[in-house]
Amino acid sequence: MDTITIHDSTFRIFLQPGEIHDAVERIARQLNNDLHDKDVIFLVILNGSFLFAADLLRNYHNSCRISFVKISSYEGITNEGRIKELIGINEILEDKTVVIVEDIVDTGNTLDCVINQIKEKHPAELKIVTLLLKPEAYEYPHKIDYIGFRIPNRFVVGYGLDYDGFGRNMTGIYSLVE
Ligand code: 5GP
Ligand code: MG
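Residues numbered from 1 in each chain as written. Chains lettered and ligands numbered in written order. Predicted model: local features only at pLDDT ≥ 70, side-chain atom pairs only at ≥ 80, totals over all residues. Heavy atoms only, no water.

Participant: Could you clarify how one ought to interpret the environment of Pro123 in this entry?
Facilitator: Mapped onto the elements of the fold, Pro123 is located in the loop between α3 (109-119) and β7 (125-133). Residue classification places Pro123 among the buried positions, given a relative accessible area of 17%. Sequence separation between Pro123 and Tyr138 is 15 residues; the distance between their C-alpha atoms is 24 Å. Apart from residues lying up to four places away in sequence, Pro123 is in contact with Leu93, Glu94, Asp95, Lys96, Val98 and Ile118. (Helix = DSSP H or I, 4+ residues; strand = E, 2+ residues; numbered from the N terminus. Buried < 20%, exposed > 50% of the residue type's maximum accessible area, 1.4 Å probe, protein only. Contact = heavy atoms within 4.5 Å.)

Have a look at this one:
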């Protein structure tokens, strides 16, 4: 399927399942090499990362913990401005290597919130994995340690990513036809 329609929008194939598979294996190899001697906990940021995390972590062969967290859709207002709350972290992260698994980093606002809330729990170190990064949109200095693809500033769906809740089950990644 080269194009799909969701509601009234058309999306064209952008990354084939095979290309995604190769990138996922490449990142898994890097993680296997880099983290084998560490006390690792993967924090998978739901919902969009569910397929990526499943494929990535079945190729990670060292001992690790895996946990799933979610950003609340509710935005609280604090002194620092708008923050979204990270829900579901029940693990002790102190002195562990925490690896955040993200589907996509766009402006980086979400990632920044996640990082700040994880840092409060005093991990030994923090690594960041994202399948997709939009470099033109990214506004933060946080180093992203493992990147599947750098993509143009266009809206994409599939392989976990949704448009209004639809499209997550597509095995390829599709970009919006403007
Ligand atoms: P950020 O906070 O980095 O601007 O955006 C992160 C969140 O926005 C992602 O976790 C994702 O939910 C959503 N997002 C950003 N770009 C896209 C995109 O191209 N497609 C989809 N489906 N979601 C996106
Ligand atoms: Mg996400």
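Participant: Could you clarify how one ought to interpret the site of ligand 1 in this entry?
Facilitator: Near ligand 1 you find 14 residues, and of these Thr107, Gly108, Thr110, Val156 and Asp162 are the closest. In the environment of ligand 1, an oxygen atom lies 2.8 Å from a nitrogen or oxygen atom belonging to the side chain of Lys134. Val156 has a polar backbone atom sitting 2.7 Å from a nitrogen atom of ligand 1. Mapped onto the shell around ligand 1, the elements with two or more residues apiece are β6 (97-105) and α3. Tallied by class, residues from the shell around ligand 1 come to five nonpolar, four polar and five charged. (Near = heavy atom within 4 Å. Polar contact = N/O pair within 3.5 Å; in protein donor to acceptor, adjacent residues only side chain to side chain. Nonpolar A, V, L, I, M, F, W, Y, C, P; charged D, E, K, R; others polar.)

Participant: Sorry if this is basic, but what is going on with the coordination of the magnesium ion (ligand 2) here?
Facilitator: Coordination of the magnesium ion (ligand 2) by the protein involves Glu102 (OE) and Asp103 (OD), with metal-donor separations of 2.2 to 2.5 Å. Here the two residues Glu102 and Asp103 agree in accessibility, since each one is buried. (Donors = N, O, S within 2.8 Å, 3.2 Å for Na, K, Ca; no water.)

Participant: Help me understand the packing of aromatic side chains, please; the structure alone is not making it clear to me.
Facilitator: Given two aromatic rings, their pairing is described by the distance between the two centres and the angle made by the two planes. Summed over the entire model, instances satisfying the criterion amount to five aromatic pairs. Between Phe11 and Phe155, the ring centres sit 6.4 Å apart and the planes meet at 50°, which makes this aromatic pair tilted. Separated by 144 residues along the polypeptide, Phe11 in strand β2 (residues 9-15) and Phe155 in the loop between β8 (146-150) and β9 (156-157) bring together distant segments of the chain. With relative accessibility at 1%, the residue Phe11 sits in the buried group. Ring centres 6.0 Å apart and planes at 75° place the aromatic pair Phe155 and Tyr163 in the edge-to-face group. Given the relative accessible area of 36%, Phe155 is considered partly exposed. (Phe/Tyr/Trp six-rings, centres within 6.5 Å; stacked < 30°, edge-to-face > 60°.)

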